[in-house]
Amino acid sequence: MTFEKLTMELKSKFPTRWVSYIDLPRHTELYRPNTTVQDLLKSILDLNPEKNNFEVRIFEECFKSGNLVLLWNAFDEISPTYNEFILNIFKSIHETSSNVQFICTRPLYSNQLSQAFKVRTWQLVPFDEEKKKEFLREFFKFENVSSEKIQENIEKVEKIVEKLQYDDLGFYNFETPLMLKLIAEIHENTKLFESANIYGIFEAFVEKKIEIWLEKSKNSFNI
């Protein structure tokens, strides 16, 4: 969401630049090693000279002059098989042009990207205690939880966060908006207190989503 918003802001403030948001998991056409970076980008951006040659020429000129801004989303969701291949695409653009690239990923890959490009990586600042409580309070209000139960639910989430800070793989930060929302959605699942690891969180989350999907499917069928 941050990258989609940033894309719109950049397009508005820099109208002479070609700005594109690219969601990596949606583009399997990237995985073709015997082609140029420009051709790959044309394929991703659906640029076809037979449909609109003028647009293709604008893109090529922007690429050549360094006026391209690419916002790559979900690098962390790429299969490990293609991780190095995608990274080489980033490197090729970085080393052979002055085009700008933004890469969105979970902190797990920040060191890899920092070393590959010799740049500083940026991460979201975790909530402090007050902001964490405020976020959870607003979440439960949105879920129509009664005011009497909101504080009780917040305390349950905090206990889960405290218990799950560490597991066999090391430290995890569960105080970002995304992770807090995820835990808040499944805070009533007693498995979280038993498993005490990141896999337990995602397993409980997936199980709940499947239950919701099955219930909706059942209701749709009955209608």
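Residues numbered from 1 in each chain as written. Predicted model: local features only at pLDDT ≥ 70, side-chain atom pairs only at ≥ 80, totals over all residues. Heavy atoms only, no water.

For helix 4 (residues 80-96), built from 17 residues, the straight-helix expectation of 24 Å at 1.5 Å per residue is met to within 8% by its first-to-last C-alpha distance of 25 Å. Considered for burial, the residues of helix 4 that qualify are Asn83, Ile86, Leu87, Ile89, Phe90 and Ile93. Looking down the long axis of helix 4, one finds its buried residues gathered within 150 degrees of arc, a one-sided arrangement. For helix 4, exposure combined with an orientation more than 90 degrees from the buried face picks out Thr81, Glu84, Glu95 and Thr96. For helix 4, the elements touching its buried residues are helix 2 (37-44), strand 2 (68-73), strand 3 (100-103) and helix 5 (110-117). (Helix = DSSP H or I, 4+ residues; strand = E, 2+ residues; numbered from the N terminus. Expected span 1.5 Å × (residues − 1). Buried < 20%, exposed > 50% of the residue type's maximum accessible area, 1.4 Å probe, protein only. Arc of directions from axis to C-beta. Contact = heavy atoms within 4.5 Å.)

This brings us to the packing of aromatic side chains. Per the stated rule, a full pass over the model turns up 6 aromatic pairs. Residues Phe139 and Phe140 carry aromatic rings whose centres are separated by 5.2 Å and whose planes lie at 70 degrees to one another, so their mutual orientation is edge-to-face. The buried category is assigned to Phe139, whose relative accessible area is 11%. On the accessibility criterion, Phe140 (2% relative accessible area) is buried. An aromatic cluster of three or more residues is present, and its members are Trp72, Phe75, Phe90 and Tyr109. Above the face of the Trp122 ring, Arg120 is positioned so that its terminal group lies 4.6 Å from the ring centre. (Phe/Tyr/Trp six-rings, centres within 6.5 Å; stacked < 30°, edge-to-face > 60°. Lys NZ or Arg CZ within 6 Å of the ring centre and 35° of its normal.)

Moving on: the confidence of the model for the chain. Taken residue by residue, the chain gives an average pLDDT of 82. The fraction at 70 or more is 87%. For the chain, per-element mean pLDDT is lowest for strand 5 (residues 170-171), which scores 45, and highest for strand 2, which scores 95. Low pLDDT, under 50, characterises residues 167-171; the stretch is placed with 8 contacts to residues that sit more than four places away or in other chains. (pLDDT = per-residue confidence, 0-100.)

In total, this model carries 12 salt bridges according to the counting rule given. For Glu152, the salt bridge is made with Lys156, and the minimal N-O distance between the two is 3.9 Å. Placement of the pair is Glu152 and Lys156 together in helix 7 (residues 147-163), with a separation of 4 residues, close to one helical turn. On the accessibility criterion, Lys156 (29% relative accessible area) is partly exposed. One salt-bridge network, in which partners are shared between bridges, spans Glu129, Lys132, Lys133 and Glu158. (Salt bridge = Lys/Arg side-chain N within 4 Å of Asp/Glu carboxyl O.)

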